[in-house]
Amino acid sequence: MSKRRLVFPGSTGSNPGLSTFWAACEERRLLVPHCRACGRAHWYPRAVCPHCASHELDWREAKGEGVIYSFSAVPRGEPPYVIAYVTLAEGPTMLTNIVGDAATLRIGQTVRLRFVDSDGGPPLPVFAPR
Amino acid sequence: MSLDGAACIAGVWEHPTRKATDLSVAQLHAECAAGALADAGLTRADVDGYFCAGDAPGMGPLSMVDYLNLRVRHVDATDIGGTSYIAHVAHAAEAIAAGRCNVALITLGGRTRSEGVSGKVPRPGNPTQPDLQFEFPYAPTTVNMYAMCAARHMHEFGTTSEQLAWIKVAASHHAQHNPRAMLRDVVTVQDVLASPIVATPLHRLDCCVISDGGGALVVVRPEIATSLSRPRVVLRGAGEAVKGQMGGDVDLTYSAGRWSGAAAFEMAGVTPADIRYASIYDSFTITVLMQIEDLGFCEKGQGGRFVSDGALIAPHGRLPWNTDGGGLCNNHPGNRGGITKVIEAVRQLRGEAHPAVQVQDCHLALVHGTGGQLASRHGAATLILERV
């Protein structure tokens, strides 16, 4: 499968409060917001915990492991690609792409974090079968 | 506030065009408005409430009230995607009950086909939309997002592509009687499975059409409906809800229809077994299957079995559904299928559906829609309507 270019909309300055997150992406590290008040992680990152509304949030580096919750392969994409929801080891489920061979993918499969370059933004997190 | 009996749908009109090369979006709205008012036996001067959603050009109600040259004392531009117009009926009933208007006009118009809009291309948005930078790079599209719901449903409940295909088969049986439907050929389960995969596990024939067109509804105070000559269609129950990713606790097995449907049934004091006809927004086959479960027509996970073997085919199926051919075969103006669902339900309740698909003694109908993206963030609206 040829590589699809990820297109980053806007800039890393479009939304204040995310500079730490995007800077980590530049280093190919995925940060997940954790709430000090309720102890839960969430996704996508927000300035307010969606579980308990606390502002007491920390960025923690993800282990980089996940499980495919659902996916859809787009065989006529140019080039073909796979969109997926991956449930992180930290708890939340994130929208992402699966790179690699689409033919053998299945829901429940363990996948591993990777970063791919984007157009207009930092490298972005995707996942690949282990 | 219960809306049971608070308003009647007095006028409906569906634009006949499926490709509006020479019509503007505003003109489509205006032609639909005129059609629905004529159907009701009312005039533009009677309208004192106006409702539209994101398909309306310019500044929504400001642009359209001016274009139509209305004099209104209540406006509402709630946009929860393609189901907005179903929610507007309930909002109009609320406004009528609160004394804020007597005759509410709801319009939709769209040129998605002429404009070349595709469900296979990611739609750019404003980067300040809080989810956009975390999702757009991965190329979510209308089709592949709904497809992920289908994939998960298959994984959890053993739902099959053959079962999903039965939904398209039913729509095609109805569309053969609709001379304006875009797809009038009756198809088989095998035809659906043989059509190309757009996004696994959805085939091309699991997807709705893309069309131009529009529609309009006139919702009135019950006393006004009594003075008109059309059969009376009364609002009995309504519900609306929004479901998102719940902070990362993504669960694709159910929709906000679980909440909007329960609210509507409770308000109406009826159960799914009482419903004689259902209009359910069919953006994709999986959308219908999930809504049938969430509305309580069967247990969660049993939707595949429920829809199989022609159960949705009117007039004799277990649940006669989308008898105009729906979005899967008839039309999908502006990529917003809510308004046409209300229109066909009113036709059924009036006994004005095509004779081949008219449900006998159709006195109680359900209308339900899902707007936005089922897999990420979507709105749901449910109505229960009765002919009295």
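Residues numbered from 1 in each chain as written. Chains lettered and ligands numbered in written order. Predicted model: local features only at pLDDT ≥ 70, side-chain atom pairs only at ≥ 80, totals over all residues. Heavy atoms only, no water.

1. Description of the overall build of chain B
Applied cut-off: Each helix corresponds to a stretch of at least 4 residues labelled H or I by DSSP, and each strand to a stretch of at least 2 residues labelled E; elements are numbered beginning at the N terminus. Based on C-alpha atoms, the radius of gyration is set beside the globule rule, defined as 2.2 Å times the residue count to the power 0.38. Surface exposure here means Shrake-Rupley accessible area, sampled with a 1.4 Å probe, where a residue is shielded only by the protein chains that are shown. We treat Lys and Arg as the positive residues and Asp and Glu as the negative residues; His and chain ends play no part in the count. In this description, the location of a charge corresponds to atom NZ of lysine, CZ of arginine, CG of aspartate or CD of glutamate.
In terms of helices and strands, chain B carries 13 helices and 11 strands. The C-alpha atoms of chain B give a radius of gyration of 19 Å, which matches the 21 Å a tight globule of 388 residues would have. Principal-axis analysis of the C-alpha atoms gives chain B an extent of 55 × 50 × 40 Å. As presented, chain B carries roughly 13000 Å² of accessible surface, and 50% of it is formed by carbon and sulfur atoms. Positive and negative side-chain charges in chain B, numbering 31 and 37 respectively, have mean positions lying 3 Å apart.

2. So, the sheet that holds strand β6 (residues 93-97) of chain A
Rules: Pairing between strands is defined by DSSP: at least two bridges between the two strands are required. Lines fitted to C-alpha atoms define the axes, with helix axes restricted to the stretch in contact, and inter-axis angles between N-to-C directions lie between 0 and 180 degrees. Any pair of residues with heavy atoms lying within 4.5 Å of one another is described as a contacting pair.
Taking strand neighbours across the sheet as the criterion, the five strands line up as β6-β5-β4-β7-β9 (chain A) in an open arrangement whose pairing is antiparallel. The sheet is open, and its two edges are formed by β6 and β9 (124-129) of chain A, each paired on a single side. Adjacent strand axes in the sheet meet at a mean angle of 40 degrees, parallel and antiparallel pairs treated alike. Summarising the sheet, strand β7 (residues 110-116) of chain A and β9(A) pair through six bridges and their orientation is antiparallel. Note that in β9(A) the partner of A:F115 across the bridge is A:P125. Where helix α5 (residues 142-157) of chain B meets the sheet, it contacts β4 (65-74), β5 (81-88) and β6 of chain A, and its direction lies at approximately 120 degrees from that of β4(A).

3. Some thoughts on helix α13 (residues 338-350) of chain B
Residue and element names in this part refer to chain B. Worth spelling out the cut-off: The span you would expect from a helix comes to 1.5 Å times its residue count less one. With a 1.4 Å probe rolled over the protein chains alone, any residue whose accessible area is under 20% of its type maximum counts as buried; one over 50% counts as exposed, and the rest are partly exposed.
The end-to-end C-alpha separation of α13 is 19 Å, in line with the 18 Å expected for 13 residues at 1.5 Å each. In terms of burial, α13 is largely enclosed, as 12 of its 13 residues are buried. Taken together, the buried positions of α13 are G338, I339, T340, K341, V342, I343, E344, A345, V346, Q348, L349 and R350.

4. Some remarks on helix α2 (residues 61-68) of chain B
Residues and elements named next belong to chain B. What counts, and what does not: Picture the helix axis, draw a direction to every C-beta atom, and the arc is the one those directions span.
For α2, every residue scored as buried is listed here: P61, M64, V65 and L68. Down the axis of α2, the buried side of the element spans an arc of 100 degrees, and every buried residue falls inside it. The outward face of α2, more than 90 degrees from its buried face, is lined by the exposed residues L62 and D66. Taken together, the buried residues of α2 touch α1 (25-40), β2 (49-51), β3 (74-76) and β4 (103-110).

5. Structural notes on the nonpolar core
Heads up, the condition is: Note on terminology: a nonpolar core comprises buried Ala, Val, Leu, Ile, Met, Phe, Trp, Tyr and Cys residues joined through side-chain atoms within 4.5 Å.
Of all hydrophobic cores here, the largest spans 56 residues; its most connected members are A:Y85, B:I286, B:I292, B:L312, B:W321, B:L366 and B:I384. Considering every element that reaches this core, the biggest residue donor is α5(B), with eight residues. Those residues in contact with B:L366 that sit more than four places away from it in its chain are B:F265, B:I275, B:Y277, B:A278, B:S279, B:I280, B:L295, B:F297, B:T382, B:L383 and B:I384. Ranked by size, the runner-up nonpolar core spans 40 residues in total, among them B:Y85, B:V219, B:I339 and B:L383.

6. Here's the deal with the sheet that holds strand β10 (residues 364-373) of chain B
All names here are of chain B. Overall, mixed pairing links the nine strands, which are arranged β3-β2-β4-β7-β1-β8-β11-β10-β9 in an open sheet. Each edge of the sheet is formed by a strand with only one pairing partner; in this case those strands are β3 and β9 (277-280). Between one strand and the next, the sheet's axes are offset by a mean angle of 20 degrees, whatever the strand orientation. Of the pairings in the sheet, the one linking strand β8 (residues 233-243) to strand β11 (residues 377-387) comprises 10 bridges and is antiparallel in character.

7. Re the interface of chain A and chain B
Interfaces are often sized by the accessible area lost when the parts come together. Rules: Summed over both partners, the accessible area lost on bringing two parts together, with a 1.4 Å probe, is the buried area. Here a salt bridge means any side-chain nitrogen of Lys or Arg lying within 4 Å of a carboxyl oxygen belonging to Asp or Glu. Two N or O atoms form a polar contact when they lie within 3.5 Å of each other; inside protein one atom must be a possible hydrogen donor and the other a possible acceptor, and for residues adjacent in sequence the pair counts only when both atoms belong to side chains. Each residue gets one of three labels, nonpolar for Ala, Val, Leu, Ile, Met, Phe, Trp, Tyr, Cys and Pro, charged for Asp, Glu, Lys and Arg, and polar for the others, Gly among them.
Facing 43 residues of chain A, the contacting portion of chain B comprises 38 residues. Across the chain A to chain B interface the summed buried area is about 3200 Å²; carbon plus sulfur atoms make up 59%. Considering only the side of chain A, the residues that lose the most area to chain B are A:Y44, A:Y69 and A:Y85, jointly responsible for 22% of the buried surface there. Linking chain A to chain B there are one salt bridge. Across the pair A:R40 and B:D249 runs a salt bridge whose closest N-O atoms are separated by 2.9 Å. In this assembly, chain A and chain B are joined by 21 residue pairs in polar contact (both at pLDDT 80 or more). Residue assignment for the side of chain A that touches chain B shows that the elements contributing at least two residues are β1 (6-7), α1 (19-26), β4, β5, β6 and β9 of chain A. With six residues, the single largest contributor to the side of chain A that touches chain B is β4(A). The residue inventory of the side of chain A that touches chain B, partitioned by class, reads 28 nonpolar, 11 polar and four charged.

8. Focus on the confidence of the model for chain B
Applied cut-off: The score called pLDDT rates the predictor's confidence residue by residue, from a low of 0 to a high of 100.
Per-residue pLDDT for chain B averages 97, and the proportion of residues at 70 or more is 100%. Two numbers describe this predicted complex: its pTM, 0.97, and its ipTM, 0.97.

9. Some thoughts on the packing of aromatic side chains
How we decide: Pairing of aromatic side chains requires ring centres within 6.5 Å, counting the rings of Phe and Tyr and the six-membered ring of Trp. Pairs whose planes differ by under 30 degrees are stacked, by over 60 edge-to-face, and all others tilted. Charge-over-ring contacts are defined here by two conditions on Lys NZ or Arg CZ: a distance within 6 Å of the ring centre and an angle within 35 degrees of the ring normal.
The full count for this structure, using the stated rule, is 10 aromatic pairs over all chains. Aromatic pair A:W22 and B:F134: ring centres 5.2 Å apart, planes at 15 degrees, arrangement stacked. Remark: B:F134 occurs in helix α4 (residues 132-135) and A:W22 occurs in helix α1; the pair is interchain, linking two chains. Accessibility expressed as a relative area gives 3% for A:W22, which makes it buried. B:F134 gets classed as buried once you look at its relative accessible area, which sits at 5%. It is A:R46 that lies over the ring of A:Y44; its NZ or CZ is 4.0 Å from the centre. In this structure, B:K243 is placed above the aromatic ring of B:Y254, and the distance from its NZ or CZ to the ring centre is 4.3 Å.

10. Things to note about unusual backbone geometry
With the exception of glycine, the majority of residues adopt a negative phi angle, and the majority of peptide bonds are in the trans configuration. The step from A:W43 to A:Y44 runs through a cis peptide bond, and the omega angle for that step is -5 degrees. In this structure, A:Y44 sits in the loop between β2 (31-35) and β3 (57-61). Geometrically, the link from A:E78 to A:P79 is a cis peptide bond, its omega value of -5 degrees lying close to zero. Mapping A:P79 onto the fold places it in the loop between β4 and β5. Positive phi is not limited to glycine here, since B:N322 has a value of about 40 degrees. When you line up the elements, B:N322 lands in the loop between α11 (303-307) and α12 (326-330).

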